[in-house]
Amino acid sequence: MNQFWQFKLVVALLVVSNTLFAQVDSSWQQSPVLKVSGFADVFYVYDLNQPEGGERQAFLFNHNRHNEFNLNLGLLQFQVDHSKYRANFALQTGTYANDNYAAEPGVLKNIFEAYVGVSLNDKNNLWLDAGIFSSHLGFESAISMDNFTLTRSLSAESSPYFLSGAKLTYEPNEKWTLTGLVVNGWQRIQRLQGNSLPSFGTQVSYSPSKNTTLNWSTFIGTDDPDETRRMRYFNNVYGQFKLSEKFALIAGFDVGTQQIEKNSSNYDFWLTPTLIGQYSINDVWKTAVRVEYYQDETGIIIPTGTLNGFQTTGVSLNFDYSPTQNIVCRLEGRWMSSVDEVFKTESNTSNTNLIVGASMAIKFGAVLNK
């Protein structure tokens, strides 16, 4: 190759390189969208067991106060959205934060989410996020307006609402979402003292149409220090179906196992099936019915100290009034029955529990840099 063609090749490579780098730079240098949003859920619950003290039941973390008006969850959230990176920071207060983050020290219990994410490819369908984020387990979130019912199902109350760590999310197309996680433990911001083993998780979500979502999520790890480490394996499977313009259905099943003791080949297990149907009466009224069962005989997740552990059946009926998308007023009756006396009462315990609850919730948001 003579010098003339060598010169032309070098010039061509420089032009192509400059174009490519210019495209990368322009993509990353685009201004992000800055958003602020908020949420508040004010509630009142009357527990016919009339338990002593403010807290109704130790295994519940939402709307868990008897005969008082209170704030279940108040959120103030800031978001950064960009094609190449994202960030989310949300502060919280309310009885949910006090109850569910009781193990976290100081100001950490007031952090609902705090994470940063970056795109890892040109298609922006492969993302790495790190920080404190909502759990990949379950079909219900801490934000009541996003759920079919006012109170959370036993499956949600007994699995992580939040995790701390890093996750890799890949969306090959509109139908599939694949996620792998490395986290500090089972619903922990800080790793348990004395535990040197990280926990792991996966999620596979498939939406063959806009009316159907099928999900399988897992957790592998421990909630013990190294000296007494019992491995825990958890599976969460659910399907969400919009069967018509008025009727939607959620069917979920959780099953978990945990070693009886360190290095043991014997395992205890717990399980919980859940079925929720929601019917839209008209544009402003909805109703929902939930049927659920929770079995944890050895007290892995819900320790009771009773002969048969926590074996509980529950039924609830919900009515929602939503004059606008930003506001929901809800009324719910919920009945639970257990084999043993596991529910607090005024002076003792009972094997049944009946409550009537109501709430008013509001969401708002705005873009700061239109």
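These remarks concern the structure in this document.

Reading the values: rules and limits
Residues numbered from 1 in each chain as written. Predicted model: local features only at pLDDT ≥ 70, side-chain atom pairs only at ≥ 80, totals over all residues. Heavy atoms only, no water. Helix = DSSP H or I, 4+ residues; strand = E, 2+ residues; numbered from the N terminus. Contact = heavy atoms within 4.5 Å. Areas by Shrake-Rupley, 256 points an atom, 1.4 Å probe, with all protein chains shown as cover. Lys, Arg positive; Asp, Glu negative; His and termini not counted. Charge placed at Lys NZ, Arg CZ, Asp CG, Glu CD. Salt bridge = Lys/Arg side-chain N within 4 Å of Asp/Glu carboxyl O. Buried < 20%, exposed > 50% of the residue type's maximum accessible area, 1.4 Å probe, protein only. Core = buried A, V, L, I, M, F, W, Y, C linked by side-chain atoms within 4.5 Å. Pairing = 2+ DSSP bridges. Phe/Tyr/Trp six-rings, centres within 6.5 Å; stacked < 30°, edge-to-face > 60°. Lys NZ or Arg CZ within 6 Å of the ring centre and 35° of its normal.

**A few points about the overall build of the protein**
Stage number 1. The number of helices and strands found in the protein is three helices and 18 strands.
Stage number 2. For the protein, the C-alpha atoms occupy an extent of roughly 95 × 55 × 40 Å along the three principal directions.
Stage number 3. Excluding contacts between residues fewer than 6 apart, the proportion of contacts in the protein whose partners are at least 24 apart in sequence is 58%.
Stage number 4. With the model as given, the accessible surface of the protein reaches about 18,600 Å², and the carbon-plus-sulfur share is 59%.
Stage number 5. Seen as two clouds, the 27 positive and the 34 negative side-chain charges of the protein have centres 9 Å apart.

**Observations regarding the pattern of salt bridges**
Stage number 1. Scanning the model with the defined rule gives twelve salt bridges in all.
Stage number 2. One salt bridge in this structure joins Asp99 and Arg65, with 2.9 Å as the shortest N-O distance. Taken together, the positions of Asp99 in helix 2 (residues 95-100) and Arg65 in the loop between strand 1 (33-47) and strand 2 (69-81) put the pair 34 residues apart, joining distant regions of the chain. Summarising the burial analysis for this pair, Asp99 and Arg65 share the class buried.
Stage number 3. Among the ionic pairs, Arg334 bridges to Glu292, the shortest N-O distance being 2.8 Å. Of this pair, Arg334 sits in strand 15 (residues 327-338) while Glu292 sits in strand 13 (residues 285-296), placing them 42 residues apart in sequence. Grouping residues by exposure puts Arg334 and Glu292 together as buried.
Stage number 4. Within this structure, Arg290, Glu292, Glu332 and Arg334 form a network of salt bridges that share partners.

**Thoughts on the environment of Leu75**
Stage number 1. Here Leu75 shows up in strand 2.
Stage number 2. Sequence separation of Leu75 and Ser37 is 38 residues, and the distance between their C-alpha atoms is 8.0 Å.
Stage number 3. Not counting residues within four places of it along the chain, the set of residues in contact with Leu75 comprises Ser37, Gly38, Phe39, Leu91, Gln92, Phe112 and Ile143.

**So, the nonpolar core**
Stage number 1. Counting 21 residues, the largest nonpolar core has Phe59, Leu154, Trp270, Tyr294, Ile301 and Phe310 as the members making the most contacts within it.
Stage number 2. Ignoring any residue separated from it by four or fewer positions in sequence, one finds Phe310 in contact with Phe59, Leu154, Tyr294, Gln295, Asp296, Glu297, Ile302, Thr304 and Val342.
Stage number 3. Residues Phe39, Leu108, Ile132 and Ala142 belong to the second largest nonpolar core, which totals 19 residues.

**Side note on the environment of Val116**
Stage number 1. Looking at the element boundaries, Val116 is found in strand 4 (residues 111-119).
Stage number 2. Assessed through its relative accessible area of 55%, Val116 is described here as exposed.
Stage number 3. In this structure the C-alpha to C-alpha distance between Val116 and Gly131, which are 15 residues apart in sequence, comes to 6.6 Å.
Stage number 4. Beyond its immediate chain neighbours, meaning those up to four positions away, Val116 contacts Arg86, Ala87, Leu128, Asp129 and Ala130.

**Considering the pairing of strand 2**
Stage number 1. Relative to strand 2, strand 1 is paired through twelve bridges, and the arrangement is antiparallel. Looking at the pairing, Ala40 lines up with Gly74 of strand 2.
Stage number 2. Sheet analysis places strand 2 next to strand 3 (residues 85-93), joined by eight bridges and oriented antiparallel. Directly across from Leu75, in strand 3, lies its bridge partner Gln92.

**A look at the packing of aromatic side chains**
Stage number 1. This model, assessed by the stated rule, comprises 16 aromatic pairs.
Stage number 2. Between Trp186 and Phe234, the aromatic rings sit 5.3 Å apart at their centres with planes inclined by 90 degrees, giving edge-to-face as the arrangement. Of the two residues, Trp186 sits in the loop between strand 7 (176-183) and strand 8 (199-209) while Phe234 sits in strand 10 (residues 231-242), which places them 48 residues apart along the sequence. Here Trp186 matches Phe234 in class, with each residue buried.
Stage number 3. For the pair Trp186 and Trp270, a centre-to-centre distance of 6.4 Å together with 90 degrees between the ring planes defines the contact as edge-to-face. Remark: Trp270 occurs in strand 12 (residues 267-280) and Trp186 occurs in the loop between strand 7 and strand 8; sequence separation between them is 84 residues.
Stage number 4. Assessed through its relative accessible area of 10%, Trp186 is described here as buried.
Stage number 5. Taken together, the ring pairs in this structure connect Phe59, Tyr294, Phe310 and Phe343 into an aromatic cluster.
Stage number 6. The positively charged end of Arg86 is found above the aromatic ring belonging to Trp127, 4.0 Å away from the centroid.
Stage number 7. In this structure, Lys167 is placed above the aromatic ring of Phe133, and the distance from its NZ or CZ to the ring centre is 4.7 Å.

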